[in-house]
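Here is how the chains run, residue by residue.
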Amino acid sequence: MKKSVLLFIGVALSIVIIAAVGTTIDDFFMPGSQPGDSGNIEHPDKCDNCHGGYDQAVEPAFNWRGSMMAQAARDPLFYACLAVAEQDAPGVGDMCLRCHTPDGWLNGRCEPTDGSALNNNDREGVQCDFCHKMVKPSPVGTNPFPSDEIYTAETYPRDQEYLATIPLPGSPGNGMYIADSENAKRGPFSDATGRHQMHYSPFHSQSEHCGTCHDVSNPVLIRNYEGTLIYSPEIDGKIPSTSVVKLTFPIERTFSEWRASGYSDPESTDYTTCQDCHMRNVTGKGAKMKDAKVRDNLPLHDFTGGNTFTPLMVKNLWADEVDAAALDAGIERARQQLQSAADLDVAIDGQNVIVTVTNKTGHKLPTGYPEGRRIWINLIAFNGGEIVWESGKYENDEISAINNPKIYHCEPGISIRLANMVGNPSLAGPSLHMALNDTVYFDNRIPPKGSSFSSLRENQSPVVDADYLIDGAHSDATTYTLDVDFDYVEARLMYQTASKEFIEFLNENGGEAGQILHDQWLATGKSTPELMNVAYSGEPAVAYMDAAFTGVSRETNRKKANGIATVHVFVGNTNIDAATVFVEYSGPSSGTLSGTTDGNGEVTFSTRPVNNPSGQWCFTILDVTHADYTYTIPKPFTRECEGLAGTAAKSATIGNIISEPGINIYPNPFTNKLYFEFSREMDEKCLIEVFDVTGRKLDVVFNQMIEAGQQYKVEYAADKVATDLLFYRMQFNEEVITGKVVKR
């Protein structure tokens, strides 16, 4: 089912501002390549002929198709934001679309600026050919890589020739890209072979390449000098007076946050580029051709961030255009990226509990588009195995305000100065109207290592109204004083792409696009929060064990291959033998396996062999049982695929989070009542059953036909259940979903 964004409904706030400012597309003109300046952008399908279909673990095609780069022009969250922004500041969509659909923008299909003229080619997002046409912005006559003899001899002359034909940007950002009009492909290897013309480009290994679209400003809000955070409207229907991103109001500053960190210093041992994290090196070939070189530093074209929500919506809306398997693999990579983004520590000092979050990324945590995006601490205190206190509990699709939860986020808004300027002081305050905001009221996102308050301020991403953050630190310690007796605490660090508040705002103000987004939000789990990390302190009433993959690979024998996975079961530094591990696998073949750990706490699983297998094997730990220890199934499940870094073990009970989109089982642990919430894409039969630890069926909770798109909430009264561990089985036609919950 396809949707297009065509209808827009004004709101009171936007009417007030528009009446005062009256923006046009000219107010958002940015230098760089202009429509018609960059020749033909070749379709990704053409690139797939050589760069796909040979090894999904490393090939560019499959991994790019699972990325948000490939889906930037299919993202319903983007279109809902675009609809509101266009209402608030007509013409601003021109600036938004130039990064989300370069093909559409460079070929003149971004007028009208609401995106309604885009075609299916434009929906391919940030395409291969576009990125590999990009030229480093530099003044004519200035060699950006004077010490690189190969670049100077082979590529510099053509770069200069093209740069002389276009208006040059004042700094990286705002989509002010330069894309050559010729079809030669640029890349970071000088010894590459290929069937097309190539130019060696050191620029493609630099963070500035990414900064082109990952520093975004509102060009109609300008400051007079770099030291001030006061911005004044410049809305006159003319080209903006400056294209220097640092002189205009910041919408997002991921690249600048990196630039303010210690990771941006080439002389530092911490030096790390954007590509080092988001295009990590793998071993393999960049193309299927026989003469393509096998490299140990092949950049994986996965561009992984932390978004596990949008790919689910894209799969629903554009099923005939996307690769569902690639998107699923992208979701798994995003989960692993999130689980490596922060360290979490918890300590008990009398009645105080100190939770410390350390940022391990090269930018703020979280970063990027600030509206709706957040990280928070869920702290739970137990006494004798019972929950006696909780902060940051996620219930009813919101973070409970009980016990003052710590939420890391940013609150842009409209200043008193601007509100008075347009004659409506009531507009002043935090706002979700991105195109109207001219100030930041609050920003406690954790800074990156090596940054300082002054460097962040200089790069327009200051810490705002968060005095507890320590200048120069890339961590934050929160002290909770508990007024109850407790013997054990568990801290969880959670991430959410889009809050309920933000989705409902876009639904109310975004017209048809907002409604499409809201429908998909309901159908795909309501931007289910993701577990980033978990930490414990104290003496739990229950002895928990952890399980993690130590490796996933394949064993090849001529044309046949089978998937191999090893699971390690442990408690702290102690290996647990005689534990029974249950796993599920998918990919070239699928099924379930079980095995018992040895004296090293390990068990190895092998799938059945497959001839000429296509795709990656992925393994999921379903459950682990032992006579003396308890394994509480984490949500998301611990999962790992071939060629991906190890997934951090998570043994906590992850409340109401579940990996299946549109399904929610909560609370976990539960007391007297258990709820099953679900929504499906088609009419089908639903059967829900519960079992005890022996496998004995206790009850049939639900057994009837359900309607597509309807939200169901089934209550199970479990007050008479004697067991402290309950297994559930949900069957939708032929699909079966299982799990377990703990009764306290």
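Residues numbered from 1 in each chain as written. Predicted model: local features only at pLDDT ≥ 70, side-chain atom pairs only at ≥ 80, totals over all residues. Heavy atoms only, no water.

Peer 1: Please clarify how helix 5 (residues 93-100) should be interpreted in this entry.
Peer 2: Residues separated by three or four positions in an α-helix point in the same direction, a consequence of the helix having 3.6 residues per turn. For helix 5, the buried fraction is high: seven of the eight residues fall into the buried class. Gly-93, Asp-94, Met-95, Cys-96, Leu-97, Arg-98 and Cys-99 are the residues of helix 5 that are buried. Where helix 5 is buried, its residues contact helix 4 (76-88), helix 6 (102-106), helix 10 (207-214) and strand 3 (215-222). (Buried < 20%, exposed > 50% of the residue type's maximum accessible area, 1.4 Å probe, protein only. Helix = DSSP H or I, 4+ residues; strand = E, 2+ residues; numbered from the N terminus. Contact = heavy atoms within 4.5 Å.)

Peer 1: Got a minute to help me understand the side chain of Glu-530 in this structure?
Peer 2: Here Glu-530 is to be found in strand 20 (residues 530-538). In this structure the side chain of Glu-530 is engaged in a polar contact, spanning 3.0 Å, whose partner is the side chain of Arg-335. (Polar contact = N/O pair within 3.5 Å; in protein donor to acceptor, adjacent residues only side chain to side chain.)

Peer 1: Could you clarify how one ought to interpret the packing of helix 4 against helix 18 (residues 511-523) in this entry?
Peer 2: Relative orientation and spacing of two packed helices are given, respectively, by the angle between their axes and the distance between those axes. At a minimum axis separation of 8 Å, helix 4 and helix 18 run at an interaxial angle of 150°. The angle between helix 4 and helix 18 places the two elements in the roughly antiparallel class. Crossing hand, helix 4 versus helix 18: left-handed. Note on element contacts: helix 18 touches helix 4 through Ala-513, Gly-514 and Leu-517, opposite Pro-76, Leu-77, Tyr-79, Ala-80 and Ala-83. For the contact of helix 4 with helix 18, the residue count by class is seven nonpolar, one polar and no charged. (Axes fitted to C-alpha atoms, helices over the stretch in contact; angles between N-to-C directions. Parallel < 35°, antiparallel > 145°, perpendicular 65-115°, else oblique. Left-handed = near helix turned anticlockwise from the far one by under 90°. Nonpolar A, V, L, I, M, F, W, Y, C, P; charged D, E, K, R; others polar.)

Peer 1: Is there a simple way to explain the pattern of salt bridges in this structure?
Peer 2: Under the defined criterion, the tally for this structure stands at 37 salt bridges. The salt bridge partner of Arg-158 is Glu-182, with a shortest N-O separation of 3.5 Å. A residue pair is termed long-range when its members are at least 10 positions apart, and Arg-158 in helix 9 (residues 156-163) and Glu-182 in the loop between helix 9 and strand 1 (185-187) qualify at 24 residues. Residue Arg-492 is joined to Glu-490 by a salt bridge in which the shortest nitrogen-to-oxygen separation is 2.8 Å. Note on accessibility: Arg-492 and Glu-490 belong to one class, buried. Each of Asp-45, Asp-48, Arg-65, Arg-74, Arg-123, Glu-124 and Glu-321 takes part in one network of salt bridges that share partners. (Salt bridge = Lys/Arg side-chain N within 4 Å of Asp/Glu carboxyl O.)

Peer 1: Just checking my understanding: could you explain the packing of helix 4 against helix 5 for this structure?
Peer 2: Between helix 4 and helix 5, the least distance of the axes is 10 Å, while the angle of their chain directions is 160°. Taken together, helix 4 and helix 5 sit at an angle that is classed as roughly antiparallel. In this structure, the crossing between helix 4 and helix 5 has a hand that is right-handed. Facing helix 4, whose interface residues are Phe-78, Leu-82 and Glu-86, helix 5 presents Gly-93, Cys-96, Leu-97 and His-100.

Peer 1: Please explain the sheet that holds strand 35 (residues 725-732) as it appears in this structure.
Peer 2: Each strand in a sheet pairs with another by means of backbone hydrogen bonds, the pair being arranged parallel or else antiparallel. With antiparallel pairing, four strands are arranged side by side in an open sheet as 33-32-35-36. The open sheet has two edge strands, strand 33 (697-706) and strand 36 (735-742), and neither has a second partner. Each strand axis lies, on average, 15° off the axis of its neighbour in the sheet, ignoring direction. Pairing between strand 35 and strand 36: eight bridges, direction antiparallel. If you follow Arg-729 over to strand 36, its bridge partner there is Thr-738. (Pairing = 2+ DSSP bridges.)

Peer 1: Looking at this structure, how should I read the sheet that holds strand 15 (residues 410-414)?
Peer 2: Within the open sheet, the three strands sit side by side as 16-15-17. Their pairing is antiparallel. The strands lining the two open edges of the sheet, one partner per strand, are strand 16 (429-430) and strand 17 (439-443). Of the pairings in the sheet, the one linking strand 15 to strand 17 comprises four bridges and is antiparallel in character. Residue pairing in the sheet places Cys-410 in a bridge with Asp-443 of strand 17.

Peer 1: Can you walk me through the state of the cysteines in this structure?
Peer 2: Note on terminology: disulfide describes a covalent bond linking the sulfur atoms of two cysteines. Applying the stated criterion across every chain, the model contains two disulfides. Across the disulfide from Cys-99 sits Cys-213; the S-S distance is 1.9 Å. Disulfide Cys-99-Cys-213: the torsion about the S-S bond is -90°, which places it as left-handed. Linking Cys-99 in helix 5 with Cys-213 in helix 10, this pair joins segments that are 114 residues apart in sequence. The class for Cys-99 is buried, based on a relative accessible area of 13%. Between the sulfur atoms of Cys-618 and its disulfide partner Cys-641 the distance amounts to 2.0 Å. Of note, the bridge from Cys-618 to Cys-641 carries an S-S torsion of about 110° and is right-handed in sense. Of this pair, Cys-618 sits in strand 28 (residues 618-625) while Cys-641 is found in strand 29 (residues 639-641), placing the two residues 23 residues apart along the sequence. Classification of Cys-618 by relative accessible area gives buried; the value is 10%. Owing to a relative accessible area of 2%, Cys-641 belongs among the buried residues under this scheme. Note on Cys-96: no disulfide assigned, nearest cysteine sulfur contributed by Cys-81 at a separation of 8.8 Å. (Disulfide = S-S within 2.5 Å.)

Peer 1: Honestly, the nonpolar core in this entry has me stumped. Any pointers?
Peer 2: Nonpolar side chains tend toward joint burial in soluble globular proteins. If you look at the biggest cluster of nonpolar residues, it comprises 27 residues, and the most contacted ones within it are Leu-77, Phe-502, Ile-503, Leu-506 and Leu-517. It is helix 4 that provides the largest number of residues to this core, a total of five residues. Apart from the residues within four sequence positions on either side, Phe-502 is in contact with Leu-77, Cys-81, Tyr-369, Glu-371, Gly-372 and Leu-432. (Core = buried A, V, L, I, M, F, W, Y, C linked by side-chain atoms within 4.5 Å.)

Peer 1: Mind showing me how you'd approach helix 9 here?
Peer 2: Of all eight residues that make up helix 9, six are buried, and the element is covered over most of its length. The set of residues buried in helix 9 consists of Tyr-156, Arg-158, Asp-159, Gln-160, Tyr-162 and Leu-163. Of the surrounding secondary structure, the elements contacted by the buried residues of helix 9 are helix 8 (149-154), strand 1 and strand 2 (198-200).

Peer 1: Is there a simple way to explain the environment of Phe-145 in this structure?
Peer 2: Inspection of the secondary structure puts Phe-145 in the loop between helix 7 (128-131) and helix 8. Sequence spacing of Phe-145 and Tyr-156 is 11 residues, and the spatial spacing of their C-alpha atoms is 8.6 Å. Non-local contacts of Phe-145, meaning those with residues more than four positions away in its chain, are made with Lys-136, Tyr-151, Thr-152, Pro-202, Phe-203 and Gln-206.

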